[in-house]
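Below are the chains, spelled out letter by letter.
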Amino acid sequence: MPVIDVQNLTHVYLPGTPYEKKALDGVTLSVNQGEFLGVVGANGSGKSTMIQHFNGLLSPTAGKVTICGWDTAVKQHRNELWKKVGLVFQYPEQQLFEATVFDDVSYGPRNLGLSSPDIERRTIEALKKVGLEPDTVAGLSPICLSGGLRRRVAIAGVLAMKPEILVLDEPTAGLDPLGKEMILKLIKKLQQEDHITIVMVSHSIREIILLAGRVAVLEKGRLIAFGNIKEVLRQECFQALPGVMLPDYLQLIYTLAGRGKNVNTGIITLAEAELEIAKLLEEKNK
Amino acid sequence: MAKNSIELIDVIKEYSTGHSGKKCALKNINLTIRQGEYVGLIGMNGSGKTTLARLINGLIQPTSGKVYVNGLDTADRRALTRIRRQVGMVFQNPDNQIISSIVEEDIAFGPENLRLPPDEVKERIDWALQATGLAELRHHAPYLLSGGQKQKIAIASALAMQPACLVLDEPTSMLDQHGRQDLLLNLKELNEKHGITIILISHNMEDVIHADRLIVLAEGTVCLEGAPWEVFTSEENLIKTGLKPPEIVQMANSLRKRGYAIDKKIISTQQMVEYICR
């Protein structure tokens, strides 16, 4: 049974006002337990709106969202949803507010009414999961950490709630290449080792290619493609999609194919692309 | 000090970290950026990029050394207003600089405070909206727009001041491919047609391939400098600073090692396509 089931979801902001805006239009998809779903699309395509439905922050204008069997439209379910689904917003480090890393990460568990040994155990566990050494960072103020570390603290705060589903909105935005790699590895590990279901929003298809099993592509609030990453990559509507940041090497391969060059467009990594180009250069030199 | 340039002379910037600790964010920087130049400022998180940007329009003062903007000393408080009219800043997070509840009002804020006549304010708003592709969203509320759209508003607001120099701190971090390409084209055009100095801070190497010159910062010092192709092809040095060249250049560098003679000046997908199809 899918843990996330979205049927015909439509969301309209400020209905009946001059600013009425349809952000999602008849989206249907499902995510299975332990899966890694990538969500891509242009700015304003409805990505962030969609994921806010996954933990009941938003309620459908039309359609139905069921998370772990709970209907998100029913307000009484919300408390359960917030425990099951951890939502990591864009720039989550801006939400850090406590004086120490420990207090910030333990904020969620404290509000669950757990005993203090339990709270401490969960906090330390969460810090370890994001690759931080509890003994060295727990007592520090989040302000004196770098952006990448602060983001990991923010993610630890969500993990301390032990969510079954982790939803991340642009988790690598604004980080340098090393910081990005660290966060991506961490997310993949959570899926592989802890079997947490992951939904990751990104406008970089490069990140999705390397991590996700399936991908959902949104454009102007509609789901225009949904499925296995290789299949979606091959669809022309997807390659032409303005909002999707294809890696340059894939763009190179697709452009060359379009110019009638004999290249394999089924590749997904840089190393594979390099081999294709080497082949072309060999032919050219003959 | 030259009239038409931004100059940093022996600049050191230290921040205090709590009780007694100090962190040196910039160590002895000497730089000259000519009027009309397009400079890409790259480096890891914590390498001093943002500190450098903030020094340039006098938001912060150097611990020692001097910063001159078109001959004006940023340490001279009376010159700050003039300096900030010449150097427009676009910060990393647009939410930090959007102040109005309607897009066009936000863009009008700067020009109105210059006490320009309403006609000219309107003209500047129109131009800034058009240059950033925001015309449709003119009457919208910024807080209801997406991150990328807000980033464009921040850029439009800076443009409406018609600055001599535009400093953009990671302006593409929240933009999608389309928005990113649009913005880079806009910047190139602003630079070429209007002669505006562009200082583009990024750690996305693909963003800075249009620059005339790249300046690579690592741990508060300038450790590499030159035309984009020069910086990208000295891959080992770049990797030491924690950065990687664009994937197309990585591919070209690697093919070159395998014995294929590929022109070192190829740094974009387009150039690579032309090279292979030639």
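From a predicted model like this one, the values you see are computed outputs, not experimental measurements.

## Here's the deal with the overall build of chain A
Across its full length, chain A carries 13 helices and 10 strands. Relative to the 2.2 N^0.38 estimate, which gives 19 Å for 286 residues, the radius of gyration of chain A is 21 Å and therefore close to what a compact globule would have. For chain A, the C-alpha atoms occupy an extent of roughly 75 × 50 × 40 Å along the three principal directions. Burial status across chain A gives 45% buried among its 286 residues. Considering only intrachain contacts with a sequence separation of at least 6, the fraction spanning at least 24 residues in chain A is 64%.

## Side note on the environment of Asn45 of chain B
Secondary-structure assignment places Asn45 of chain B in the loop between β3 (38-43) and α1 (49-56). Exposure remark for Asn45 of chain B: the 18 C-beta atoms within 10 Å place this residue in the partly exposed category. Measuring from C-alpha to C-alpha, the distance between Asn45 of chain B and Gly242 of chain B comes to 9.6 Å, with 197 residues separating the pair along the chain. Apart from residues no more than four positions distant in its own chain, Asn45 of chain B is found in contact with Ser146, Gly147, Gly148, Leu175, Asp176 and Gly179 of chain A.

## Let's talk about the sheet that holds strand β6 (residues 87-90) of chain B
All names here are of chain B. Spatial ordering of the open sheet is given by β6-β7-β8-β3-β9-β10, a layout of six strands whose pairing is mixed. Bordering the open sheet on either side are β6 and β10 (221-226), each of which pairs with just one other strand. Between one strand axis and the next, the sheet turns by 20° as a mean value, whatever way the strands run. The pairing of strand β9 (residues 213-218) with β10 spans five bridges and is antiparallel. Considered in β10, the bridge of Leu214 is made with Gly226.

## Some remarks on the sheet that holds strand β2 (residues 21-32) of chain A
All names here are of chain A. Reading across the sheet, the four strands line up as β2-β1-β4-β5 and stay open at both edges, with antiparallel pairing between neighbours. Strands at the two margins of the open sheet, each flanked by one partner only, are β2 and β5 (70-71). Relative to β5, strand β4 (residues 62-67) runs antiparallel, the two being bridged by two bridges. Its bridge partner lying in β5, Thr66 is registered against Asp71.

## Details of the domain arrangement of chain A
Residues and elements named next belong to chain A. Looking at the assigned domains, one finds that chain A contains domain 1 (2-96 + 164-243) and domain 2 (247-286). Domain 1 and domain 2 are separated by 31 Å when their C-alpha centres are compared. Taken together, the contacts link six residues of domain 1 with four residues of domain 2. Put simply, the parts of the chain that give the side of domain 1 that touches domain 2 at least two residues each are α9 (205-211) and α10 (229-234).

## Thoughts on the confidence of the model for chain B
Of the residues in chain B, 98% have a pLDDT of 70 or more, and the chain-wide mean is 89. Complex prediction metrics read pTM 0.77 and ipTM 0.75.

## Overview of the interface of chain A and chain B
Across the contact, 38 residues belong to chain A and 40 residues belong to chain B. Going through the elements one at a time, α7 (147-159), α8 (177-194), α12 (248-258) and α13 (270-285) of chain A are the ones with two or more residues in the side of chain A that touches chain B. In terms of residue count, α13 of chain A provides more of the side of chain A that touches chain B than any other element does, seven residues in total. Broken down by class, the residue content of the side of chain A that touches chain B amounts to 22 nonpolar, 12 polar and four charged.

## Structural notes on the packing of helix α4 (residues 118-132) of chain B against helix α5 (residues 147-159) of chain B
Residue and element names in this part refer to chain B. As a packed pair, α4 and α5 sit with axes 9 Å apart at the nearest point and diverge in direction by 140°. Considered as vectors, α4 and α5 are oriented oblique to each other. The handedness of the crossing between α4 and α5 comes out as right-handed. Along the contact surface, α4 presents Ala128, Leu129, Ala131 and Thr132, while α5 presents Lys152, Ile155, Ala156 and Leu159. Its residues placed into classes, the contact of α4 with α5 shows six nonpolar, one polar and one charged.

## What to know about the pairing of strand β1 (residues 2-13) of chain A
Residue and element names in this part refer to chain A. Note: β1 against β2, eight bridges, orientation antiparallel. Residue pairing for β2: Val12 is matched across the bridge by Lys22. Here β1 pairs with β4 via five bridges, running antiparallel. Along β4, the bridge assignment pairs Ile4 with Ile67.

## Topic: the nonpolar core
Judged by nonpolar contacts, the single largest core of 151 residues is most densely connected at Ala156, Val167 and Val199 of chain A together with Ile199 of chain B. For this core, the leading source of residues is α7 of chain A, giving seven residues. For this core, the domains that each give at least three residues are domain 1 (2-96 + 164-243) and domain 2 (247-286) of chain A.

## Details of α12 of chain A
Those residues of α12 of chain A lying buried are Asp248, Tyr249, Leu250, Gln251, Leu252, Ile253 and Leu256 of chain A. Once α12 of chain A ends, the next one or two residues include Gly260 of chain A, with phi positive near 85°.

## Comments concerning the packing of α13 of chain A against helix α9 (residues 247-257) of chain B
Where α13 of chain A contacts α9 of chain B, the two axes come as close as 10 Å, and the packing angle between them is 55°. Accordingly, the angle class assigned to the pair α13 of chain A and α9 of chain B is oblique. Of the two possible hands of crossing, α13 of chain A and α9 of chain B adopt the one that is right-handed. Listed contacts from α9 of chain B to Leu270, Ala273, Glu274, Ile277 and Ala278 of chain A of α13 of chain A are Glu247, Gln250, Met251, Ser254 and Leu255 of chain B. Grouping the constituent residues of the contact of α13 of chain A with α9 of chain B by class yields six nonpolar, two polar and two charged.

## Examining the environment of Glu193 of chain A
Structurally, Glu193 of chain A is set in helix α8. Spatially, the C-alpha atom of Glu193 of chain A lies 16 Å from that of Ala156 of chain A, the residues being 37 residues apart in sequence.

## A closer look at helix α5 (residues 116-129) of chain A
Residues and elements named next belong to chain A. With 14 residues, α5 extends 20 Å from end C-alpha to end C-alpha; this agrees with the ideal 20 Å at 1.5 Å per step. For α5, every residue scored as buried is listed here: Ile119, Arg122, Thr123, Ala126 and Leu127. Viewed along the axis of α5, the buried residues span an arc of 130°, placing them on a single side of the element. Exposed side of α5, more than 90 degrees from the buried face: Pro117 and Asp118 are the residues found there. Looking at the buried residues of α5, the elements they touch are α3 (101-105), α4 (107-111), α6 (134-137) and α7. In the stretch just after α5, Gly131 is the one whose phi turns positive, near 80°.

About the thresholds
- Residues numbered from 1 in each chain as written.
- Chains lettered and ligands numbered in written order.
- Predicted model: local features only at pLDDT ≥ 70, side-chain atom pairs only at ≥ 80, totals over all residues.
- Helix = DSSP H or I, 4+ residues; strand = E, 2+ residues; numbered from the N terminus.
- Rg over C-alpha atoms; globule rule 2.2 N^0.38 Å.
- Buried ≥ 20, exposed ≤ 12 C-beta atoms within 10 Å, placed from the backbone.
- Contact = placed C-beta atoms within 7 Å.
- Pairing = 2+ DSSP bridges.
- Axes fitted to C-alpha atoms, helices over the stretch in contact; angles between N-to-C directions.
- Domains from an automatic or database assignment.
- pLDDT = per-residue confidence, 0-100.
- Nonpolar A, V, L, I, M, F, W, Y, C, P; charged D, E, K, R; others polar.
- Parallel < 35°, antiparallel > 145°, perpendicular 65-115°, else oblique.
- Left-handed = near helix turned anticlockwise from the far one by under 90°.
- Core = buried A, V, L, I, M, F, W, Y, C linked by C-beta atoms within 7 Å.
- Expected span 1.5 Å × (residues − 1).
- Arc of directions from axis to C-beta.

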